[in-house]
Amino acid sequence: MTEMTDGVLHTLFRSEQGGHEQVVLCQDRATGLKAVIAIHSTALGPALGGTRFHAYASDEEAVRDALNLSRGMSYKNALAGLDLGGGKAVIIGDPSVIKTEELLLAYGRFVESLGGRYVTACDVGTYVADMDVVARETRWATGRSPENGGAGDSSVLTAFGVFQGMRASAQHLWGDPTLRGRKVGVAGVGKVGRHLVEHLLEDGAEVVITDVREESVREILDKHPGGKVSAVADTEALIRTEGLDIYAPCALGGALNDASVPVLTASVVCGAANNQLAHPGVEKDLADRGILYAPDYVVNAGGVIQVADELHGFDFDRCKAKASKIFDTTLAIFARAKEDGIPPAAAADRIAEQRMADALAARAAARKA
């Protein structure tokens, strides 16, 4: 326990990755709930981020995941133009084994106890139905079903936002914000990827797909006969596809690594997956190869824009209008990267950090006035 605590304290108080405002350890013995709620920043407003339900190898791993994910949400929400900070929660355990209504209600009470400093939503291992249960104990739960006043599945606007990021990438690299005539490889055609394929086809792109689930691939091929969509066996084959213009990782994180970047044929990487860079040096490797990288947490922000709108009474058209601005934000990041001579991922971080710093400065000035 001492080793875990020392590691966490180092991250919180002495590491460059720290700076979190609050970390709450939650336990309810009656239901078996063990959870961590990490609030990284409330500079822009209440901290919004999903709840991940996962069987971590250790408690320390769970805490570190909450810390890393909450920090990422601060940046994502800042660049999405939301007046919301960054937070994240993890529930420790196998959801297929320990998830119960009583456990989710207990978790909801912990969220409520924070008085609105943290707003939760779905993440890996939690779903719309789960948020409906959590919301019975707290008003600070989003990602609920339409029947319960929520926005439902956020994959539609996540895909739309990624498409806007692709359009911006095309504008920056080729001078025209269209994918017509371009070959786009989509790795993962689940909830988000299948919607992305539709946008690409409507815009006139040729699409190459792959997925570990053969039925997902077959469904798309059957829906679009005629050659505009083709499939390859796996991601290894996809990244080596001849003539590929854009690679869209839409499945697991870590898709861009020391093995994949050297053989990637695409000129652009723009996809929905979180944490695409396997380690901090990968963005430089991409830049050195002349591959344009649209930062994942920028282009996949359509989902968080959607769930955030529930706080004001959900309106799909209003959300879509906000998600369309991902096009402008992505272009601004590319321009900043060129101006500062840094990779786009670093430029995105700088813009997000400046917005948060400006908010804190304005708050301090208001207190003095």
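Residues numbered from 1 in each chain as written. Predicted model: local features only at pLDDT ≥ 70, side-chain atom pairs only at ≥ 80, totals over all residues. Heavy atoms only, no water.

Asks: Honestly, the state of the cysteines in this entry has me stumped. Any pointers?
Replies: A full pass over the atoms with the stated rule returns 0 disulfides. C319 supplies the cysteine sulfur nearest to C122, a cysteine that is in no disulfide, at a spacing of 15 Å. With no disulfide of its own, C270 lies closest to C250 among cysteine sulfurs, the gap being 8.5 Å. (Disulfide = S-S within 2.5 Å.)

Asks: Hey, could you run me through the side chain of T158 in this one?
Replies: Structurally, T158 is set in helix α6 (residues 155-174). For T158, a relative accessible area of 10% puts it in the buried group. Within the local environment of T158, its side chain forms a polar contact with the backbone nitrogen of G303, the two atoms lying 3.2 Å apart. If sequence neighbours within four positions are ignored, T158 has contacts with V192, A272, V299, N300, G302 and G303. (Helix = DSSP H or I, 4+ residues; strand = E, 2+ residues; numbered from the N terminus. Buried < 20%, exposed > 50% of the residue type's maximum accessible area, 1.4 Å probe, protein only. Polar contact = N/O pair within 3.5 Å; in protein donor to acceptor, adjacent residues only side chain to side chain. Contact = heavy atoms within 4.5 Å.)

Asks: I tried to follow unusual backbone geometry on my own but got confused; where do I start?
Replies: What you tend to see is this: most non-glycine residues have negative phi, and most peptide bonds are trans. Despite not being glycine, N275 has its phi angle at roughly 50 degrees, a positive value. The residue N275 is located in the loop between β11 (268-269) and α10 (282-288) in this model. Accessibility expressed as a relative area gives 49% for N275, which makes it partly exposed.

Asks: Honestly, helix α8 (residues 214-223) in this entry has me stumped. Any pointers?
Replies: If you check which residues of α8 are buried, you get S216, V217, I220 and L221. Mapping the buried residues of α8 onto a view down its axis gives an arc of 130 degrees, with all of them on the same face. With respect to the buried face of α8, the exposed residues turned more than 90 degrees away are E214, E215, E219, D222 and K223. (Arc of directions from axis to C-beta.)

Asks: How do you make sense of the sheet that holds strand β12 (residues 292-293) when you look at a structure like this?
Replies: Sheet strands line up and pair through hydrogen bonds in the backbone, either parallel or antiparallel. The strand order across the open sheet built from 6 strands is β9-β8-β7-β10-β11-β12, with neighbouring strands paired in parallel fashion. The strands lining the two open edges of the sheet, one partner per strand, are β9 (229-231) and β12. By the bridge criterion, 3 bridges tie strand β8 (residues 206-210) to β9 in an arrangement that is parallel. By the bridge assignment, I209 is partnered in β9 with A231. Across the face of the sheet, helix α7 (residues 191-202) comes into contact with β7 (183-187), β8, β9 and β10 (246-249) while running at roughly 170 degrees to β7. (Pairing = 2+ DSSP bridges. Axes fitted to C-alpha atoms, helices over the stretch in contact; angles between N-to-C directions.)

Asks: Explain the packing of helix α14 (residues 326-340) against helix α15 (residues 344-368) to me, please; I cannot follow it from the model alone.
Replies: Packed helix pairs are characterised by how far apart their axes lie and by the angle those axes make with each other. Where α14 meets α15, the axes come as close as 8 Å, and the angle between the chain directions of the two elements is 105 degrees. Classified by the angle their axes make, α14 and α15 are roughly perpendicular. Contacts between α14 and α15 involve A332, I333, F334, R336, A337 and D340 from the former and P344, A347, A348, R350 and I351 from the latter. Of the residues assigned to the contact of α14 with α15, the class counts are 8 nonpolar, no polar and 3 charged. (Parallel < 35°, antiparallel > 145°, perpendicular 65-115°, else oblique. Nonpolar A, V, L, I, M, F, W, Y, C, P; charged D, E, K, R; others polar.)

Asks: Just to check I follow, could you spell out the nonpolar core for this structure?
Replies: Soluble globular proteins tend to pack their nonpolar side chains together in the buried interior. Counting residues in hydrophobic clusters, the biggest one holds 70 residues, and the most contacted among them are I37, Y107, M166, V186, L196, L200 and I209. Dropping the residues within four chain positions of it, I37 is found in contact with Q22, V23, V24, C26, K88, A89, Y107, V111, L114 and Y118. Listed in part, the 17 residues of the second largest apolar core include V208, L238, L256 and V261. (Core = buried A, V, L, I, M, F, W, Y, C linked by side-chain atoms within 4.5 Å.)

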